Amino acid sequence: MEKLEQLYEGKAKKIFRTSDPYILVIEYKDDAAAFHGEKKGTILGKGIINNKMSNYTMSLLEKNGVPTHLIRELNDRETAVKKVEIVPLEVIVRNVSAGNFARRLGVEEGKKLPCPTLEFLYKDDALGDPMVNSYHAVAIGAATFEEIDQITKYAFLINDVMSKYFKDIGILLVDFKVEFGRYRGQLLLADEISPDTCRLWDINTNERLDKDRFRRDLGNETEACQEVFRRLGIR
Ligand code: ADP
Ligand code: UDP
């Protein structure tokens, strides 16, 4: 798979064109950003961990009925994926109160929610990724109601598969963000699933094993990511 010119550089990844118009190469960087890019840093080896964990998780999800953009891991930092038209929604599933949910709704961080919840953010940097409901999403042309239904089903299925998987390795899946895209008439899970996009807590100690270590200056970000990696048994 030949990597041609760079099409885009985001906060965490670079995207390259290939000779096949339907295939992109994603390169994962060590750059870390939080609070809409206001806090920046570098976490040594993060790109490798995110690439491998994302591919590992997507393969697991494929086996459990969630179609994904994953084609093939090319090397430690690069993966070939199907080029999708991104649905401009960040789809967030929560099992336990944390982060923005805890702050906005005054629910103590760490409280288990009675059932998983779902929220959508409209991906627009200039607007600061505002939260929208399904009617807003349709009204602004981000998705159709049919797509929202499909996204909702996939989001909860992803939550079921990942929650069980992480529980078995002593990790509580607190919440996560996913993105979907359109590919030849099909909706696919795209972007990444990694410690950057999930809140992962040790089941026994509640130790943060995710990007909150960076967001909250807890230190040892690399070690925390490596611990997840080690427990997943990824090489
Ligand atoms: P950001 O754009 O938020 O800074 P990244 O650094 O992660 O984030 O950039 C990756 C970009 O690539 C995101 O905008 C994401 O929506 C997009 N993307 C992810 N997977 C695919 C795909 N399979 N096809 C096309 N675009 C994708
Ligand atoms: N998240 C993400 N990208 C975003 C916003 C959120 O990956 O732009 C993830 C985040 O890592 C967490 C979940 O979505 O796992 C919920 O984040 P929250 O809404 O609580 O926002 P935060 O407090 O992280 O700003």
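What comes next concerns the included structure. (Residues numbered from 1 in each chain as written. Chains lettered and ligands numbered in written order. Predicted model: local features only at pLDDT ≥ 70, side-chain atom pairs only at ≥ 80, totals over all residues. Heavy atoms only, no water.)

## Let's talk about the site of ligand 1
- Tyr8, Lys11, Ala12, Lys13 and Glu179 are the nearest of the 17 residues found near ligand 1.
- Here a nitrogen atom of ligand 1 and a side-chain polar atom of His69 are 2.8 Å apart. (Near = heavy atom within 4 Å. Polar contact = N/O pair within 3.5 Å; in protein donor to acceptor, adjacent residues only side chain to side chain.)

## Remarks on the pairing of strand β12 (residues 171-183)
- By the criterion of burial, β12 is predominantly enclosed, with 11 of the 13 residues buried.
- Bridge analysis of strand β8 (residues 85-86) against β12 gives 2 bridges, and the strand direction is antiparallel. Bridging across to β12, Ile86 finds its partner in Gly181.
- Across 4 bridges, the pairing between strand β9 (residues 89-96) and β12 is antiparallel. Directly across from Val91, in β12, lies its bridge partner Val178. (Buried < 20%, exposed > 50% of the residue type's maximum accessible area, 1.4 Å probe, protein only. Helix = DSSP H or I, 4+ residues; strand = E, 2+ residues; numbered from the N terminus. Pairing = 2+ DSSP bridges.)

## Details of the sheet that holds strand β7 (residues 78-82)
- Read from one edge to the other, the open sheet built from 5 strands follows the order β1-β2-β3-β7-β6, with strand pairing classed as antiparallel. Edge positions in the sheet fall to β1 (3-9) and β6 (70-73), since each has one partner strand and no second. Each neighbouring strand pair of the sheet contributes to a mean axis angle of 30°, computed without reference to strand direction.
- The pairing of strand β2 (residues 13-18) with strand β3 (residues 23-28) spans 5 bridges and is antiparallel. Of the residues in β3, the one forming a bridge with Ile15 is Ile26.
- Here helix α1 (residues 46-63) sits on the sheet in contact with β3, β6 and β7, set at roughly 135° to β6. (Axes fitted to C-alpha atoms, helices over the stretch in contact; angles between N-to-C directions. Contact = heavy atoms within 4.5 Å.)

## Notes on the pattern of salt bridges
- Scanning the model with the defined rule gives 31 salt bridges in all.
- Here Arg213 ties to Glu207 by a salt bridge, and the two come within 3.7 Å at their closest N and O atoms.
- Residue classification places Glu207 among the partly exposed residues on the basis of a relative accessible area of 40%.
- Notably, a salt bridge pairs Arg230 with Glu227, separated by 2.9 Å at the nearest N-O pair. Separated by 3 residues within a single helix, Arg230 and Glu227 lie in helix α6 (residues 221-232), roughly one turn from each other.
- Relative accessible area serves as the criterion here: at 56%, Arg230 is assigned to the exposed category.
- A relative accessible area of 22% places Glu227 in the partly exposed class.
- The network of salt bridges with shared partners includes Arg94, Arg104, Glu109, Glu119, Asp175, Arg199, Arg208, Asp212, Arg215 and Arg216. (Salt bridge = Lys/Arg side-chain N within 4 Å of Asp/Glu carboxyl O.)

## Re the nonpolar core
- Membership of the largest hydrophobic core comes to 42 residues, with the highest contact counts inside it found for Leu89, Ile158, Phe166, Phe180, Leu189 and Leu200.
- Those elements that place two or more of their residues in this core are α1, β9, α4 (145-168), β12, β13 (186-190), β14 (198-202) and α6.
- In terms of residue count, α4 provides more of this core than any other element does, 8 residues in total.
- With sequence-adjacent residues up to four places away left out, Leu189 is seen in contact with Met58, Leu61, Val66, Pro67, Thr68, His69, Ile158, Val178, Glu179 and Phe180.
- Judged by nonpolar contacts, the second largest core, of 5 residues, contains Leu24, Ile26, Tyr28 and Val81. (Core = buried A, V, L, I, M, F, W, Y, C linked by side-chain atoms within 4.5 Å.)

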